[in-house]
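Residue-level structural notes
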Amino acid sequence: MIPNVLEYTLLQMIAREASSGYELANRLRILQNTHHSQIYPSLSKLEKAGFLVVHKHSQNKKPDKKVYTITQSGLDSLLEWSETPLKIPVTRDEFTTKVQLDWLNNTRTKGLIQERETYLKEQLGLIEETLDHFAKLFDLKTKQDKLKNMSYQVYARRLDLIQTELKWCEEMYKIL
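Residues numbered from 1 in each chain as written. Predicted model: local features only at pLDDT ≥ 70, side-chain atom pairs only at ≥ 80, totals over all residues. Heavy atoms only, no water.

**Description of the pattern of salt bridges**
For clarity, the cut-off: Basic side-chain nitrogens of Lys or Arg form a salt bridge, by our definition, when they fall within 4 Å of a carboxyl oxygen of Asp or Glu. In this text, helices come from DSSP runs of H or I with a minimum length of four residues, and strands from runs of E with a minimum of two, each type numbered from the N-terminal end. Remark: exposure states derive from per-residue accessible area (1.4 Å probe, protein chains only) relative to the maximum for the residue type, with buried under 20%, exposed over 50%, and partly exposed in between.
Summed over the entire model, instances satisfying the criterion amount to 10 salt bridges. Close ionic contact of K45 with E7 constitutes a salt bridge, the shortest N to O distance being 3.0 Å. Of this pair, K45 sits in helix α3 (residues 36-48) while E7 is found in helix α1 (residues 5-16), placing the two residues 38 residues apart along the sequence. By relative accessible area, K45 is classed as partly exposed at 38%. You can call E7 buried: its relative accessible area is 2%. Measuring nitrogen to oxygen at the nearest pair gives 2.5 Å for the salt bridge that ties D93 to R116. With D93 in the loop between α4 (72-82) and α5 (94-99) and R116 in helix α6 (residues 106-137), this pair connects stretches of sequence that are 23 residues apart. Each of D93, R116 and E165 takes part in a single network of salt bridges with overlapping partners.

**Quick word on the environment of I162**
Threshold: Contact between two residues is taken to exist if any of their heavy atoms lie within 4.5 Å; hydrogens are not considered.
As for its position among the elements, I162 is in helix α8 (residues 150-175). Spatially, the C-alpha atoms of I162 and I127 are 9.4 Å apart, while their sequence positions differ by 35 residues. Residues within four places of I162 in sequence aside, it is in contact with L120, Q123, L124 and I127.

**Structural notes on the sheet that holds strand β3 (residues 62-70)**
To keep things clear, this is the line we draw: Following DSSP output, two strands are said to pair if at least two bridges run between them.
What the 3 strands build is an open sheet, ordered β1-β3-β2; its pairing is antiparallel. Among the strands making up the open sheet, the edge pair consists of β1 (19-20) and β2 (52-59). Pairing of β1 with β3 involves 2 bridges; the strand directions are antiparallel. Each bridged residue has a counterpart across the sheet, and for S20 the counterpart in β3 is V67.

**Focus on the nonpolar core**
The following threshold applies: We define a nonpolar core as any set of buried Ala, Val, Leu, Ile, Met, Phe, Trp, Tyr and Cys residues linked to one another through side-chain atoms lying within 4.5 Å.
One finds L10, L11, I14, L43, L52, L131 and Y152 to be the most contacted residues of the largest nonpolar core, which totals 38 residues. Those elements that provide at least two residues to this core are α1, α2 (21-31), α3, β3, α5, α6 and α8. Element by element, the count of residues in this core is highest for α6, at 9 residues. Discounting residues that sit within four places of it in the chain, I14 has contacts with L24, L43, L52, Y68, T69 and I70.

Here is the structure:
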């Protein structure tokens, strides 16, 4: 079995920290806007392929929590994949297409920007939680520690992008 990009992303995340599907889903919503319906089948596939092991943890009045850890086979697959050339990124964002229809339906533009702003603020909260989590998990106390940790930096980059887009939304409100 050759994993897809989502599955490699899950392996990478689990390699750094054993995680539940719920935890993975929350972090992936920030970077890839991935849904639970995509994550759980992928985790199952990775487990069946021998890349992950599941440990069940009992919870009070809830179903058992599944926590995934990576196997040596999973690490080997990740290492091999890390050496392959990058593919050209694909970006599909309905917002950027619809907001350009201002000339056709300018009564919708402000609502689109408000929807985007709501989404971005939700993302901002998730990113800040994730950055706090990583700072504790990896014992990142100084700015230099954080700069050297690529897992932290990927989310810090996303935070910068979100903040930039929120500023753009504010600017657009001024002209609408």
